[in-house]
Amino acid sequence: MALEQLSDVVQRCQALPDDSYSSEDHDVFTIAGRSCIEEGHAPQVLSIVLDEKNQNVVGSMGWSLLPPLVQVLLRKDDKHLPQCLAIFNHLLEACRPKELLIGLLELLEHDDADRIAESLHLLLTPLQKVLLRLGGRKASSLGMTLSSVLDQLAKLPVPDTKEQEEDDVFSLGRCCADLARFVGPFAQEARLNQSSGNQPRKSHKTAGGQEEGAEDELRTELLKFCMKTLSQPLLDVQIWHPDTLPVSPLRTFAAEILDILGAVGESLSGLVFHPLLKKKEVPGFLEEEVRYPKNSLACLAHLVFVHHLAADTFPSVFSPIFCLRSNMEHISILLSRTETSRLQKGLELYEKSLVRVEDGSLPADLLEIRTFLTVPQSLVKVMTICPKHDLRTKGLKVFQLSIDKFNTEAKYRFFQYMLRTSNHSGVEGYIIKNIKNQIDAALQPGNGNIWFEGLHLLPLLRKVFSLPDGPETDLLQYLDRVMESLNLLRYLVIRDKVTENQTGIWTELYKIEDAFLKPLRVGVNMSRAHYERELQDTREKKKKNAKEESVLSVSVGGEKLPKMTSESQIQALHSALHTFDMIESVLVRIEELVEVKDSLETAGEPQLLRT
């Protein structure tokens, strides 16, 4: 029945001009043709499609047969697969390109990852053929196609491990390779246009609103494609070093994207250093932001500086400090996110940018640049709240590396800023430990500096030797800061002689006593009394409920920990009391050292004191 209907409508339309087919003719051809293919009559359909007398009809309406043909080609097990493939290939040559393009793009749309991968693998080459048939009118159609393909590619999972990429378990590697082959001819055309000198360097629309030339349209669409690809999937995937994964489709794909950027006339150094090199006033600012998305440029910087892709095209004349300054914009973008892949890339880019900088060479005026303050704050979040241990460890390593690159004044001002803004006891304790190291270096013979001894040091010490909430400070919550502050004070009392007073500690000691030591003693006594009472109450409750183990709760460090057994609660309270004893022991030791140092210096018998 369907075959007869198809034959009848084709025969009827043979005598009609191309543009006079009715909507009913289209409907009958579509329904009958699709039914024939689905019912196994592909050989007969092939005969009709190839008949020379039917080429006008096929050219006008044949594209509507694409859906069932693609279904057969995807299944690969149909007995009429060769005939369906022959029909499909003939339609690609005979039908109008615009209609073919729309039909093929509709068939790309899937939600299942396996179907997406298979459809892309099957249809990218036909789409390429159709677009090439459009000649100089293909730029906008190419842009639409690339956008649709990347939307589908974004639905594929990203491999998390080297083994997953090796096995290509999600088919992302194959799809990226297919996509690179698809774009190849268009990138080559753009390269030829560029080399022939026909391509304007950076033209959008003219003042009179005239459309861009075809060549510049092609360049623009390829640039948009590269920027979108850098943002996704390349910003999400982990690129493995060749020593770890010698054959990496994703690394190859990334390199090809960078090559396409060169083909369309973009300078990699100009893109990477875009944050510093762009003009202060850019006409069409929104368009500039869309043209060069920040996430894409950050990914590009990571590929260039961390993986050294396209290194042979990247000039080596830029100083390490200039590269760091520019990359700080990219690092800030990456570290401001929460996705593991972004944080990993941000840390890697920051580390690679820092290692090329000489220790102690970054001047203090860099701290007037916003990113040199926001990036450390982002690092603090990575070090303290990131769920992945390896990223927290990496964050701490990079944080210390960044400190090492500052000169003495910059370190001083950076420590002041971090003590004022970090709001985390562990980070504050780490900064105080660094302050101690800088003071120790300054006190070495021949290493004196004005920032970590004398008058400049005192304001920094006042920030260190303080309690956020006075005697009521939660000592368990601020334990890291408190202990590092006490260790620093003990070091200063031992290391600095009363008669020399290089750090100013001996003239400042009475202020430290009032602002830090006395409130700390009161706080220790209050906290110990509170926890001893809690311990006594818990033991009594345990005795009363000896037959049935009760579930209690306890507050430690200001945090309420629910559903603790009485035995667990007792252990937590003992741990807290041990902490208070530890703080008190250091306090007592400092008092002893001060008394001994005073008596020795007064008697004129300076000696080396040891803890």
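Going by the structure above, here's the rest.
Residues numbered from 1 in each chain as written. Predicted model: local features only at pLDDT ≥ 70, side-chain atom pairs only at ≥ 80, totals over all residues. Heavy atoms only, no water.

A closer look at the environment of Val 427
Step number 1: By the element assignment, Val 427 lies in helix H23 (residues 425–442).
Step number 2: Overall, Val 427 belongs to the buried group, its relative accessible area being 5%.
Step number 3: As a C-alpha pair, Val 427 and Leu 396 span 31 residues in sequence and 9.5 Å in three-dimensional space.
Step number 4: Not counting residues up to four positions away in its chain, the partners in contact with Val 427 are Val 380, Met 383, Thr 384, Met 418 and Ser 422. (Helix = DSSP H or I, 4+ residues; strand = E, 2+ residues; numbered from the N terminus. Buried < 20%, exposed > 50% of the residue type's maximum accessible area, 1.4 Å probe, protein only. Contact = heavy atoms within 4.5 Å.)

As for the pattern of salt bridges
Step number 1: Under the counting rule described, the total for this entry stands at 29 salt bridges.
Step number 2: For Arg 181, the salt bridge goes to Asp 178, with nearest N and O atoms at 2.4 Å. Linking Arg 181 with Asp 178, this pair stays in helix H11 (residues 172–195), spanning three residues, or about one helical turn. (Salt bridge = Lys/Arg side-chain N within 4 Å of Asp/Glu carboxyl O.)

What about the packing of helix H18 (residues 320–335) against helix H20 (residues 371–385)?
Step number 1: Running from N to C, H18 and H20 cross one another at 40°; their axes reach a closest spacing of 9 Å. By the angle class used here, H18 and H20 are oblique. Here H18 runs over H20; the crossing is left-handed. Where H18 abuts H20, its residues Leu 324, Arg 325, Met 328, Glu 329, Ile 331, Ser 332 and Leu 335 lie against Thr 371, Phe 372, Thr 374, Val 375, Ser 378, Leu 379 and Val 382. (Axes fitted to C-alpha atoms, helices over the stretch in contact; angles between N-to-C directions. Parallel < 35°, antiparallel > 145°, perpendicular 65-115°, else oblique. Left-handed = near helix turned anticlockwise from the far one by under 90°.)

Examining unusual backbone geometry
Step number 1: At the junction of Gln 232 and Pro 233, the peptide bond is cis and its omega measures out at 20° in the coordinates.
Step number 2: Its location among the elements puts Pro 233 in helix H12 (residues 214–234).
Step number 3: Phi angles above zero are rare outside glycine, and Ala 310 is one such case at about 60°.
Step number 4: For Ala 310, the location among the structural elements is in the loop between helix H17 (294–305) and H18.

A word on the packing of helix H5 (residues 66–75) against helix H6 (residues 81–94)
Step number 1: With their axes 9 Å apart at the nearest point, H5 and H6 run at an angle of 135° to one another. With respect to H6, the element H5 is oriented oblique. In this structure, H5 meets H6 at a crossing whose hand is left-handed. Two secondary-structure elements touch here, H5 through Leu 66, Leu 69, Val 70, Val 72 and Leu 73 and H6 through Leu 81, Cys 84, Leu 85, Ile 87, Phe 88 and Leu 91.
Step number 2: Split by residue class, the contact of H5 with H6 holds 11 nonpolar, no polar and no charged. (Nonpolar A, V, L, I, M, F, W, Y, C, P; charged D, E, K, R; others polar.)

Here we look at the environment of Asp 440
Step number 1: Within the element layout of this structure, Asp 440 appears in helix H23.
Step number 2: Taking C-alpha positions, Asp 440 is 9.0 Å from Leu 492, a pair spaced 52 residues apart along the chain.

Some details on the packing of aromatic side chains
Step number 1: Counted by the stated rule, this structure contains 17 aromatic pairs.
Step number 2: Members of the aromatic cluster, connected to one another through ring pairs, are Phe 399, Phe 406, Tyr 412, Phe 414, Phe 415, Tyr 430, Trp 451 and Phe 452.
Step number 3: One residue, Lys 436, lies across the ring of Tyr 491, its end atom 4.9 Å from the ring centre. (Phe/Tyr/Trp six-rings, centres within 6.5 Å; stacked < 30°, edge-to-face > 60°. Lys NZ or Arg CZ within 6 Å of the ring centre and 35° of its normal.)

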